[in-house]
Amino acid sequence: MGNSYAGQLKTTRFEEVLHNSIEASLRSNSLVPRPIFSQLYLEAEQQLSSLEAGSRVDNEEEEEEEEEESSESSSPPLSYQMKPPPEGCCTTDGFCQAGKDLRLVSISNDQIEVPSGFLLVGAKSPNLPDHLLVCAVDKRFLPDDNGRNALLEFRGRQASSGPCSSTLFQPPESSGPTLTTTSELVPAPNPNAPAGTQQTGIISDHLPSTAALGSTVYNGKDSPKQQLVKNNLTALTRPSVLGTLTNSGPPKKRHKGWSPESPSSTETWNLQPNLQTPNRNKNDVAGLSCLTHSTLVGPVSSPMVGSGEPVSVPDNLLKICKAKPVIFKGHGNFPYLCGNLNDIIISPLLYTCYRNSQSISRAYEQYGASTIQPISEEMQLLLTVYYLVQLAPDQVPLIEDLEQIFMRSWRESHLSEIRQYQQAIPQAFPPVPSQIAPMTSAQLPWLAGLAASSCNDSVHIIECSYSLAEGLSEMFKLLIEGKLVKTNYVVIICACRNRALDSCIAVTGKYQARVLSESMLTPAEYQKEVNYQLVTGKVETLGSFFSTLCPDGDIEVLLDKFYQENQGQRSSSLSTSVNKPTALDITGAAVCTSYNVERHQIRPFQLAVAQKLLSHVCSIADSSTQNLDLGSFEKVDFLICVPPSEVTYQQTLFHLWHSGVLLELGLEKEQLTKQRMEQYVVKLDAEAQTKFKVFLQNSMQNPHTLFVLIHDHAHWDLVSAVHSLYPQAEPSVGLVDRLLNCREVKEAPNILTLHVTSFPYALQTQHTHISPYNEIHWPSSYSNGIDLYHENKKYFGLSEFIESTLSGHSLPLLRYDSSFEAMVMALGKRFPRLHSAVIRTFVLVQHYSAAMMAVSGLSQMKNYTSVETLEITQNLINSSRQCPSGHGFMVVLRIPCIPLAAVAYERLYHVRERLSLTDNFEIILGNPNSGITIGKHFVEQLKIWQKIEDVEWRPQTYLELEGLPCILIFSGMDPQGEALPRSLRYCDLRLINSSCLVRTALEQELGLAAYFVSSEIHMEKVVVNDVLESDPEKLSSTDNEDEEIVTEGSTSEKRSPVKRERSHSHDSASSSLSSKASSAAFCMESSPPLATPGDIAKSPHLVLSSSTEENTQNCERQRQKVEKGAQTVISKHLPVAAEQLDSKQNIKSAQISINSSSSPFSSSSSSSAPTHNSFIMQTSQCSMTKASKQPPIVFLPKLVYDIITSTDSSGLPKSSSLLPYHSVMWASSFRPVMSKMMTCTEQSLYYRQWTVPKPIHMDYNNRNEGRMDTFHPRRLLLSGPPQIGKTGAYLQFLSILSRMLIRLTEVDVYDEEEINIKLQEESDQCYHQPGDMWPDLETFKKIPFDYTIHDPKYEDASLICTRLQNMNSDDRSMGRKQEDMYMRRQTTRMRLSKYAAYNTYHHCEQCHQYMGFNPRYQLYESTLHAFAFSYSMLGEEIQLHFIIPKSKEHHFVFSQPGRQLESMRLPLVTDKSQDYIKSPTFTPTTGRHEHGLFNLYHAMDGASHLHVLVVKEYEMAVYKKYWPNHIMLVLPSIFNSAGVGAAHFLIKELSYHNLELERNRQEELGIKPQDIWPFIVISDDSCVMWNAVEIDCSGDRKSEYTWTERNVSLKQILQHIEATPNVTHYALIGMRKWSSKTNSGEIREPFSCCHVHDFVMLNVDLTQNVQYNQNRFMCDDVDFNLRAHSAGLLICRFNRFSIMKKQIAVGGHRSFHIKSKVSETPVSTAPAQYICAPDSKHTFLAAPAQLLLEKYLQYYSHRFFPLSLKNYSHPVLSVDCYLNLGPQIAVCYVSSRPHSLNISCSGLMFSGLLLYLCDSFVVASFLKKFHFLKGATLCVICQDRNSLRQTVVRLELEDEWQFRLRDEFQTANAKEDRPLFFLTGRHI
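Residues numbered from 1 in each chain as written. Predicted model: local features only at pLDDT ≥ 70, side-chain atom pairs only at ≥ 80, totals over all residues. Heavy atoms only, no water.

S.K.: Quick question: what am I supposed to make of the pairing of strand S11 (residues 489-494) here?
M.R.: Put simply, side chains in a regular strand alternate between the two faces of the sheet. The element S11 is extensively covered by neighbouring structure, given that six of its six residues are classed as buried. Residues Tyr489, Val491 and Ile493 line one face of S11 and the alternating positions Val490, Ile492 and Cys494 line the opposite face, and both faces are buried. Once the chain exits strand S10 (residues 459-464) it traverses helix H13 (residues 468-480) before rejoining the sheet at S11, and the crossover so formed is right-handed. Where S11 meets strand S12 (residues 502-507), six bridges bridge the pair, whose relative direction is antiparallel. In the sheet register, isoleucine 493 faces S12, and the bridge partner there is serine 503. (Buried < 20%, exposed > 50% of the residue type's maximum accessible area, 1.4 Å probe, protein only. Helix = DSSP H or I, 4+ residues; strand = E, 2+ residues; numbered from the N terminus. Right-handed = clockwise from strand over helix to strand, strands pointing away. Pairing = 2+ DSSP bridges.)

Printed below as a string of C-alpha cells:
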C-alpha cells in the first residue's frame, strides 16, 4: 500500500509540528500540551511572510533561501495534463507505485527477517477491508496485555522493505528503516523521546514532561523557558510534508508530483498573523466581529438549504447548559432545526468566511486563477480546528484571524507559482503548483480528531456518516447529559468520499457562546434587550443575590445605620474640606492658585492644519476641472453639523463664540448674541432640516458667497436614507445622508463640504465620495527626529496609551480589573439569561457603592469591591480635601446603555446621600439627549473658580466642569464628540460593549481619555522607579501577581511571577484577595472555593504586619493634629493599606482618609512628604493640578484590553486590523495585512481598496464604472486623533479662507502722489471748464507743454527743466528725502471692481468663452502667420509672426487662395457703435504669462475688442499655453534680449504699415484714406482698473464744483476718448495715474498737455516720423513724448480719467539680471562695474550694452558731469534724446530737427553736454548756439570707436572741448556683444 512516487522526499514544517504535538498530547496526562497551531502559525519568527503585502515580493533573498532549503528535488515536474492517480490508493491493486509486489501471496513466500526485539504486527482498517498492513515493530512500543506502558515514539520496518519505503514524520536525511502503523497504533512524538530515535528537532530536555510545550502563560506573555523551547524549535527544526492521509492510519509522506489541487505547501509554512508574542493564548482574546448584524435563529433562510430530517432542539437547553449554543454553518448543507429554537443561535458568518476565502481576489487574478486553485474546503476546516484548539479558555474566536490564516496558508502553498507569475516567464507547460496529494474528505475527521486530541477536550469532534443532522442530535444529547462541560467548541463533520463536505461548528463554551451571541445584536437590539430585562424585572434576581453577600445584613441596612449615626454631626474632615475655600477666600488666606483653564489659543499644529486645508481648497480651484471658482466669491459663510448631543452642540457654540470667527468673517456685528450664533451650528436631530433649508436657501440667493458645510464627528451616522434597516426608527436615522448628500448640496457650485472625524475609515471605502487627494491628515509632530511644530503640550492618544503598557515604562495607563472580570464571569454562568451588560453594570455599581462605604468608614465593605474601584473612589473622595480651594478630579464612568446608566446613577446617588458625601463630590448623568444637571452647591463653586458673575450661569459642557470632583456617568451608545476637562483622572471603560469588535467603536471609546499633557512635565517615571527600588511593598498591590485565584482549572486566572525588568503589571491591581462577593459567586457554581483564610495567610504580600497597623494609628493621630490647623500634612509612614485594603485589617474610623494616591504619579509626591508639621505648597497638593499634568488612567474590559495591547510584529495594535466600521465589510479575505509603518494616507488607500459599504451605508449606491466620477469635487475630509483640536483647526481654516477670498478680491495698487507739482508753472489761466467732457482743439493748442515728469514711478529720474522754471536746489530735494530714495513704492489694497482686468487665475463662467474654454473652440486651436514689412531705419526687412486663434480670425484679412495674412482690419473714424472698441490694444509683456492682466473681458464690459499680446520669441509657447484664445504678436528672435523700447517701436511701425495696407484695401471699396481709424492703444500688462471723476458744477459760481471718483469700465473710457471731436488731430492721448491723495487742483483743468505713460492711445498716422527708440530699456515713453512734442504734435492727458496699476512682483523689467559672462555662478555686479576702459582686462558682463549704459548713467552719471550735481539751474544739455542721469542732475532736452519746438536757451548756461548716438541732423553750427560753464563736461556716446572719432571731427568738438586719451570708456561687453563707446572732455 505504499503509494509513493519515486524521487527524493519532500519536507514541510506542518508534519513535523503535528508530529511533536501529537506525541506531547499522548505523553501528557493532565496538562494541556502546546497546540500545533501556535507552533505553526503564531511563532514570532525572524523571517516575515514572503508575500506580506498582497502579491508584492518583499524580500527576495529570504525567498531564495527558502526555495533552496525546501525545494531540494531534482526530479522533473509533471505537467498539468497528467491525470492524478485515484485518491488514496495505488494505480494497481497489490503493487506499490514503484512496482513492488505487496500481495500476501507474494510476501508469504518471501523470507522476512525480523530483527531481534521486533515483532511482526498486522493491522486492518475498516475503510480498506481487502487490505492488510504488516509491519515489524519494536516490542517496547507495543502495549502490554493490559494496554499500558508503551513507549510511544517508535521506529519500525515495513515488511516489504525495498525501494518502496514510506515514512511517518521522518525527515529526508534519515536513512534508517521506517514503519507505518495502523489506526490502532497512533504515534505521538515526544520531546523526551528515547535514544535510538532520530528526532525531527531537538528540544531542551531540562523541561519536565508535564510542562513540555505546555501553554503556561505569564500575564499574557510566554515564560522564559517557553521562549527557549520556541527558539530551539525555530532554530533546529525543519519542516516536513503533510501527505495524503487515509482513514486507515496516520499520514504518510508523499513524494513530489502528486495532484495540482493539493492545498499543501511546496515551501515552509511561515504563516504569521499580526502578533508579536510567540504564544497567542492571552493576547488574542476577541469575539467574532459582526460582519453581519442579522441574528438568525432556527430554520431561517440562509445561504444553505436545509436538508434531511429536521433536528429537534431539546427543551431546557439553556437551563442545563447555562448558555445558548451558537451554531456556525460551515460547508455544504445544513439540516432543518425544530423544537426549542429560542435556546440556540445560528449564524452564517463562518459560511461567509469560507466562501470569501475560496473566491480568489482580483489581486491574484494576474497570476492566472485557472492554474492557482483556492484553498480546499477540507483544509479550511482543518485550519479552523487548529485555530480553535489553540484558543485559550478566556478567548473568543475572531473572524479576521481565521481569514488571515486562510490567506497566508493559500499564499504560502502557492508561493512558487505566484513568484513564477510575477517573473512572468512564458512556459508552454507550467510546473505543477503543488507536489503533494490533496487531503481527502475521508482523512479529514481523522486529522481533525488528531488535532483536537491535544486540547483537553476543549474542542470536540463529531463525525457523521450521512448528514449533519445526526451530529447535531448527538451534540444536543451530550449537552443535556452534561458531557460537554469542558468543551468550548464542537466541530461536526460529515465527510463522505462520494459527496461534498458538510460541516458546522457549535460554540458551547458558556463565555464564548455568550460573547458571540451578544455580538450579533445590533446596537438597537442590544438596547432593546437590556431595556426589556430592566422593565420586566429580570434583574431583581441579581439584586437579591447581591443583598445576600453581606454578612452584616443587607447593604441598605448598613447604609441606614450609618446615616442615622452621622445625622447632624457630619464628618469634620469632610465639612472642613467643603467649606474651606469660601472661608479662606474671605480671610485672604492661602487659596489654590493652580486653577487655570487654558482655552482659545491657536496652536502651531492647528494653524498648520488650517493652512493644509486652505491649500487643498486652492488646488481644487486651480485644477482645470473648473469645480470651484474662488475668484467669484466675496465672503465665506458656514454651517457646522454636529451629532444630536446637547453637550457637543454647546461645546461647538462655546468654541465658535471664543474663536471670534463670526466677527472676522463679517457675518455678525459686535453685539453677537447666543441666539444669532446658534444659526451657524445645527444638531442633527429631527429639527435639523429647518436650519438646513435656510442654509440651502442662503446658498442659492448668494452665489458670490462660498458656503462651507462642516460635518463634524462625521463617522457618527452613515446610514443610507434610501436603505434603512430601521424603517420604524426615529426620523433622525439616515439624516446625514438626506441632508449632506442631497442634490442641492452636490450641485451647488458655492458649497464646499468638509467632513471632520477622528475615525475616517467608514468614509474610505471603494464607493467613497471623497477623492484621496482631498484628504487632510493631522500632521505628525516629529519627522526623522525633528520637532516640526514646537508645542508646549504633548498629546496622549491611543498609541501613547499602548506604549505605556510596554516594558521600561512606569505604571501603565491602560489596565484591567481581574477580580471584577472574575465575578462577572461567575455571575454570567449563574444568570445565563441576563445580558452581560446588565451583569457588568450591576457588579460595577456594587463595587463603587462598597468602595464609597469603605472609604466613609464602613471598612468591612472593602472586601466587596475590587482594589481598582477602591483606588478610584478613595482618591476621588480625598481629592477635594487636598486642595485649599476644594478642587478635585473627574472620574468618567462609561455606561453606553442609557437605561443602565440611569439605574447606576440612581444607585450611586442614593449611596452618596446615605453616606453624607453630598457636598464632597458630584455625580452627573451625562445623557446625549439632555444638558448637564449639577447641584447648586457645585455650581457656586465653579462660578467662584471661574470668576463668573452671571446669576443664571450653568455649565453646559464638560469642559466647564474643570476642577469639579465628580463621577460623570457617560451614557449613549457612542460618544458623540464630547470633550472632557483636563481634570479627568480616571476613565472607567469596564462597561463598554466589548462584544461588538469594530475598530471605530473601540478607538472612539478610548478616544475619551485622549489628553494633552504639558511637555515640560516629565511623567515622574524616575520617581516611580525610585519608589519601586526603595520599598517594593509600597506598590505590592499593583505589582503583585505571585498568587492568583484559580477557578475550574482555568489557565486564564493563573499568574506567574512577572519578569523582573518589567516595572508594571497589565492587571493594574490584581489583588490576590478577590472579594468575598466573587468568592461566593464562584462557590455557587459548584466549583472549588476561591480562597480560604488559610490560603490568604500563606501569601506574605497580603497580610498587613503589626507595624503597618501602628503606622495606620500614627497616621490617624497626625491627621487629627493637622485638622486642627488649616493645612494638611501627609505622613511619611504610608500604610500599605493605602493601596491594598486587606480583609484582616479593619479601619473603623471614618476620620481616616488615606492621602497616598495609588496612582503611579502621585505616590511619589506623597511618599516624599515631610514628617513634621511643616506646610506643603498648596499647588503640589491640588489633585486637579496633578491630574492635568498626566494622562488619565483607563480601565478596560479584559477582552478589549487584550485586543488593544496585543500587537503584531510591526507593532500594530490588533484593534487596527479589525473591521473598520459596522456598516462596511471587507471586499475580500484575500487582502494584505496592515502594518504599523503605514501612514494615514496609506491606511486610507488600504481601506479604499479593501472595504466596501454594506447596503445600509450611505455610500452604497455611489458606484460608477468610470470610477473617477464618483468623487465629489468639492468634498474634503479632515482626520486627526480625538481631542487634538480639530474644531479649532477648522474654525481657523474658515478665518484664513475668508482672508484669502478677500485677498483674492483685492489687489495692491500703486498709490503715490504726483511728483514735482511745485515746479509746475503757476498759471491763473483756465483753458477749459472743470465740467468739459472733451478738449476743444483750438483751445488745447494754446496750452503750453509741461516738460516736467509728474509720474511717481520716475521719482528717481532726471528732472527736465525749461527756461520758465525758476529752479533752486531746495525744490528738488523736498520731493523726497535721500533715505527714502530706495524705499519700496507705496501701495494700497483695493477691492477689485466688476470692471477689473484679471490674470490667468481668474475663471468665472462669463469669461470661459473669452479665455478659450468654450467647447466650440478647441483648446489651442490657432494658426501661425508670418507678416513681413521693410523699415528703412533698420535697413532690413522685419518679419513678425502672428498667432491667431480660430475665434479671432474675423479681425484679420487673408488672401483668398493661399490664406496668407494680408492685414488687420481697421474701422472707420465715422463708425459709431456702443458694441465695440475701435482701437486695437497692444500689450507688450515679458515674464508674466501667469500674472499679467490680459483678461480684459470684464474691463471691456463684454464689448468686442481686438487685443494683441506682444511677446518675445522664446516665451511664445508658455504664453500660448496660458492664454490660448489671445492673439499673439511674436517679436523676431534678435529682440529676445531687447527692452520695452523695441516692443513699442515694432508695435508702432507694424501699426503704421497696417494702416497703409488698410487704406489701400479700403480705398478700393471707395473709402477715403483719412477715414480709416489711425489710433492704437499701447497698454502696460499691470493696468488693473480705471476710474472716472464725475464733476458737479451746479454751484453759484463757475469756479465752484464738487467731484467724486468711481470705478468705470475701460470700454466706457475708450469709447469716450474715441468720441473726442477732431480726435485725429491728437498724436497721443493718455490719462492720470490714480492716487488716493488726488486733490481738486489736479483736476480743475480737465485736460493737460504733458507726458503720458502706461496706457496711451497713439495716432500712428501723425507720429509716422517720430519713432520709439528700439534700444531703450527705461524711460522710453518720456523720450518719445519729448520727441513727439518737439515735432509739434499734440499730447493730451484726460485728467478726468485715471488708471490703477497693480503691483506685480515678477517679470517686467525685473526679468533682466546682469551677471558676469565668465562665471557660471550668478554673482551680482555693482553698476560701477558696468563700464570699463577699452582693451582692459575687465570682466565682461552678459547683458545688452544699452542696458549697462542706462543703468550706469542712472547711478554714476556724476562721474561724467561733476559740475551738474545738484546744480539744477545749470542743467546738462541733452540733444535729441532723454537719458536718465539720476535724480540729482537736471537735463534740458533740445531737438536738432529743423522746425522743431524747443525751449528758449538764451542766457542759460549748461554744465554739461550729452551727445547720444547723434545723427546727421546734429551739426557743429547747431551746438555752437549753446553756452557752457567753464569746466563743463562733455560725453559723446557712439556705436564704435571709429564713429566716436568721426563724430568728434564732424562736430568740431576739439575747438571748445579738451579730450584726453584716458577719458575713453566702453560698456563692459565683449566685442561680439557690440559695446557702446564713450568719450568725455572738458569745456575750455
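S.K.: How do you make sense of unusual backbone geometry when you look at a structure like this?
M.R.: Leave glycine aside and you will find that most residues have negative phi; peptide bonds, for their part, are mostly trans. In this structure, asparagine 1316 is a non-glycine residue whose phi angle is positive, near 55°. Relative to the elements of secondary structure, asparagine 1316 occurs in the loop between strand S31 (1306-1310) and helix H44 (1337-1342). Asparagine 1316 sits in the buried class, given a relative accessible area of 15%. The phi angle at aspartate 1776 is positive, at roughly 60°, despite the residue not being glycine.

S.K.: What's the story with the sheet that holds strand S14 (residues 681-683) in this structure? I'm lost.
M.R.: Remark on secondary structure: sheet strands pair via backbone hydrogen bonds, oriented parallel or antiparallel. Strands sit in the order S14-S13-S15-S16-S30-S17 across an open sheet of six strands; the sheet is parallel. Lying at the two open borders of the sheet, with one neighbouring strand each, are S14 and strand S17 (775-777). Put simply, the sheet's adjacent strands are angled 20° from each other on average, direction ignored. Of the pairings in the sheet, the one linking strand S13 (residues 635-642) to strand S15 (residues 705-712) comprises seven bridges and is parallel in character. By the bridge assignment for S15, valine 636 is matched with leucine 706. (Axes fitted to C-alpha atoms, helices over the stretch in contact; angles between N-to-C directions.)

S.K.: Explain the packing of aromatic side chains here, please?
M.R.: Each aromatic ring pair is characterised by the separation of its centres together with the angle its planes make. A complete count under the given rule lists 38 aromatic pairs for this structure. Taking the centre distance of 5.5 Å and the plane angle of 35° together, the rings of tyrosine 905 and tyrosine 909 count as tilted. Taken as a pair, tyrosine 905 and tyrosine 909 lie in helix H30 (residues 898-914) at a separation of four residues, close to a single helical turn. Owing to a relative accessible area of 33%, tyrosine 909 belongs among the partly exposed residues under this scheme. Aromatic side chains phenylalanine 1806 and phenylalanine 1826 sit 6.0 Å apart centroid to centroid with 75° between the ring planes, which places their arrangement in the edge-to-face category. Of this pair, phenylalanine 1806 sits in strand S51 (residues 1805-1812) while phenylalanine 1826 sits in the loop between helix H52 (1820-1823) and strand S52 (1827-1838), and the two are 20 residues apart along the sequence. Like phenylalanine 1826, phenylalanine 1806 is buried. Connected via pairs of aromatic rings, a cluster forms that spans Tyr1752, Tyr1756, Phe1760, Phe1865 and Phe1878. (Phe/Tyr/Trp six-rings, centres within 6.5 Å; stacked < 30°, edge-to-face > 60°.)

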